[in-house]
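# Structural features, examined
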Amino acid sequence: MVRTACPLDCPDACSLEVTITSGWITKIDASPVDASLVDASSNPLTDGWICKKVKHHADRVYSPERIMTPLIRTGKKGSGEFRRASWDEALDLVAKRITQSIADYGPRFDFALFIQLIVVKT
Ligand code: SF4
């Protein structure tokens, strides 16, 4: 069992206990505050609690449906039409769109909005 912290972009920063068997994650659960630990590695604010999303994270990581290569949308949003792309092509496309956005809107453009736009317009 490995004690760690949730790596997702959530402000809770829950403490986790991850069980690994033969190199595979077999269980993810909350890490309750353990007063005996000198390093206080448990988050007292989320003591013994994690969300359902992370509790079942291993199911998604090992799912045969997990997307393992970049996909570029070829149809309208929601149409489910994509084509596979290489990592080089995908990264080149993102770099091109960032460069174009900086040229169009300046270096302080809203990156979060950019990500939404690239997903919608690609
Ligand atoms: S386990 Fe869930 S609630 Fe906790 S930090 Fe991660 S994403 Fe946020």
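Residues numbered from 1 in each chain as written. Predicted model: local features only at pLDDT ≥ 70, side-chain atom pairs only at ≥ 80, totals over all residues.

### Observations regarding the overall build of the chain
Helices and strands together make up the secondary structure of the chain, namely 4 helices and 5 strands. In the chain, the order of α-helices and β-strands from amino to carboxyl end is β-β-β-α-α-β-β-α-α. The contacts of the chain with a sequence gap of at least 6 include a subset with a gap of at least 24, amounting to 29%. (Helix = DSSP H or I, 4+ residues; strand = E, 2+ residues; numbered from the N terminus. Contact = placed C-beta atoms within 7 Å.)

### With respect to the sheet that holds strand E3 (residues 24–30)
Strand order in the open sheet formed by 3 strands is E1-E2-E3, and the pairing between neighbours is antiparallel. Edge positions in the open sheet fall to strand E1 (2–5) and E3, since each of these has one partner strand only. Here the average twist between neighbouring strands, direction ignored, is 35°. Relative to E3, strand E2 (residues 15–21) runs antiparallel, the two sharing 6 bridges. Bridging across to E3, threonine 19 finds its partner in lysine 27. (Pairing = 2+ DSSP bridges. Axes fitted to C-alpha atoms, helices over the stretch in contact; angles between N-to-C directions.)

### Side note on unusual backbone geometry
Most peptide bonds are trans, and most residues other than glycine sit at a negative phi. In the Ramachandran plot, alanine 13 falls in the positive-phi region, its phi being about 50° despite a non-glycine side chain. With respect to the helices and strands, the residue alanine 13 is situated in the loop between E1 and E2. On the neighbour-count criterion, alanine 13 (12 C-beta atoms within 10 Å) is exposed. We note that serine 22 has phi near 50°; this positive angle belongs to a residue other than glycine. (Buried ≥ 20, exposed ≤ 12 C-beta atoms within 10 Å, placed from the backbone.)

### Considerations on the nonpolar core
Counting residues in each nonpolar core, the largest one holds 6 residues, listed as Cys6, Cys14, Leu16, Ile28, Ile50 and Val54. Among residues more than four places away in sequence, those in contact with isoleucine 28 are Leu16, Val18, Val54, Lys55, His57 and Ala58. (Core = buried A, V, L, I, M, F, W, Y, C linked by C-beta atoms within 7 Å.)

### A few points about the confidence of the model for the chain
On average, the chain scores 84 in pLDDT, and the residues at 70 or more come to 82%. Within the chain, helix H4 (residues 111–121) has the poorest average pLDDT of any element, 57, and strand E5 (residues 82–84) the best, 95. (pLDDT = per-residue confidence, 0-100.)

### Observations concerning the environment of leucine 91
Relative to the helices and strands, leucine 91 resides in helix H3 (residues 87–105). Here the alpha-carbon distance between leucine 91 and proline 70, two residues 21 residues apart in the chain, equals 9.2 Å.

### Some points on the environment of cysteine 6
By secondary structure assignment, the location of cysteine 6 is in the loop between E1 and E2. In this structure, cysteine 6 is in contact with Ala13, Cys14, Leu16, Ile50 and Val54, ignoring residues within four places of it in sequence.

### Thoughts on H3
Its 19 residues give H3 an end-to-end C-alpha distance of 26 Å, which sits within 8% of 27 Å, the value for a rise of 1.5 Å per residue. Burial of H3 is sparse: only 0 of the 19 residues sit out of reach of the surface. Backbone geometry just downstream of H3 places glycine 106 in the positive-phi region, at approximately 95°. (Expected span 1.5 Å × (residues − 1).)

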